[in-house]
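# Fold and contact review
This is what each chain is made of:
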Amino acid sequence: SADGARVAVEALEHPLDFWMTEAYKSALVTLKDDITALSKTQSFNPASKPRTAAFLAGKLNLYASNTPAPPPEPKLPPAELALYRKGKEVFHRDVHCATCHQANGQGDAIYPPLAGSEWVNGDETRLIKIVLKGIWGPIDVKGRVYDPKNGVPPMIGFENLLKDDEIAAVLTYVRNSFGNKSSAVKPESVTAIRRATSEKKDFYTIDDLLKQHPF
């Protein structure tokens, strides 16, 4: 529609990140006729909309225009690199890690970051327990406290949603992405911790977890 064209044109004049590119290309194809019609109105000023003008002229390459290249893969042994690649897919599944912690691992005002996090890069046993069972309570990440009193929900446990190799994979991915450079997590480590914590039916509190695995 004309409204959709105006939204698309405005957005097109701003930078696109790597994750937006394919979706935005599809939107532009769908809205091309509406954008063309908009460009013929008196209110359209090509000088203030250079990227839109380039798109209409067939001269806009979204991949080459304001779109950063995807981050390079870490240098890992073949087996660990395979885990990393599997973990990347798990991380970006609907209602999984990226939903809260963001695709870039930076988090937001409610959810803590994974990038540079001492929780991510520290004790892998503590980290595996968090993913298996979930966690609840005020948590200090990189000097900032994320508190349930400010709307921070509990992190759910994924023990019934992900297999051991999927948990190992996604933890290997986050420990080697967003600037993190930590050891890979092996599926057998997840298996052992799942077995050792099988009788625990609820999430960990921050205090209980830190008593078991202090920094």
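So, a few notes on the structure that sits alongside this text.

Calculation criteria
- Residues numbered from 1 in each chain as written.
- Predicted model: local features only at pLDDT ≥ 70, side-chain atom pairs only at ≥ 80, totals over all residues.
- Heavy atoms only, no water.
- 1 Å grid on protein atoms, 1.4 Å probe; cavity = no way out; pocket = protein on both sides within 12 Å on 5 of 7 lines; lining within 4 Å.
- Points joined across faces, edges and corners; volume = space filled by probe spheres on them.
- Helix = DSSP H or I, 4+ residues; strand = E, 2+ residues; numbered from the N terminus.
- Nonpolar A, V, L, I, M, F, W, Y, C, P; charged D, E, K, R; others polar.
- Salt bridge = Lys/Arg side-chain N within 4 Å of Asp/Glu carboxyl O.
- Buried < 20%, exposed > 50% of the residue type's maximum accessible area, 1.4 Å probe, protein only.
- Phe/Tyr/Trp six-rings, centres within 6.5 Å; stacked < 30°, edge-to-face > 60°.
- Lys NZ or Arg CZ within 6 Å of the ring centre and 35° of its normal.

As a volume, the largest pocket reaches approximately 680 Å³. What lines the largest pocket is a set of 35 residues, and nearest its centre among them are His101, Pro112, Ile130, Ile135 and Met155. Looking at the lining of the largest pocket, the element that brings in the most residues is helix H5 (residues 97-101), giving four residues. Class assignment of the residues belonging to the lining of the largest pocket gives a composition of 30 nonpolar, five polar and no charged. In terms of lining residues, the second largest pocket is bounded by 22 residues, among which Pro71, Pro72, Tyr84, Ser177 and Phe178 are the most central. Residue composition of the lining of the second largest pocket, by class: 12 nonpolar, five polar and five charged.

A separate point is the pattern of salt bridges. Note that side chains of opposite charge can pair when their charged atoms are close. Under the defined criterion, the tally for this structure stands at eight salt bridges. Taking the shortest distance from any N to any O, the salt bridge between Asp3 and Arg6 comes out at 2.3 Å. Residue Asp3 and its partner Arg6 are both found in helix H1 (residues 2-12); the two are separated by three residues, about one turn of the helix. One salt bridge in this structure joins Arg85 and Glu73, with 2.8 Å as the shortest N-O distance. Here Arg85 is found in helix H4 (residues 78-91), whereas its partner Glu73 is found in the loop between helix H3 (50-56) and H4, with 12 residues between them in sequence. Accessibility expressed as a relative area gives 48% for Arg85, which makes it partly exposed. Here the salt bridges do not stand alone but share partners, grouping Glu89, Arg93 and Glu166 into one network.

Another point: the packing of aromatic side chains. Following the criterion strictly, the structure yields six aromatic pairs and no others. Ring centres of Trp119 and Phe215 lie 5.0 Å apart, and the angle between their planes is 85 degrees; this geometry places the pair in the edge-to-face category. Residue Trp119 is found in helix H6 (residues 118-121), and its partner Phe215 is found in the segment after helix H10 (206-212); the two are separated by 96 residues along the sequence. Accessibility expressed as a relative area gives 58% for Phe215, which makes it exposed. Here the aromatic rings of Trp136 and Phe203 are separated by 6.4 Å at their centres, their planes lie at 45 degrees, and the arrangement is tilted. Placement of Trp136 in strand S1 (residues 134-136) and of Phe203 in the loop between helix H9 (187-196) and strand S5 (204-205) is noted, with a sequence separation of 67 residues between them. Overall, the relative accessible area of 33% leaves Trp136 in the partly exposed class. The ring of Phe215 carries the charged tip of Arg126 above its face, separated from the ring centre by 3.8 Å. Above the face of the Tyr204 ring, Lys200 is positioned so that its terminal group lies 4.6 Å from the ring centre.

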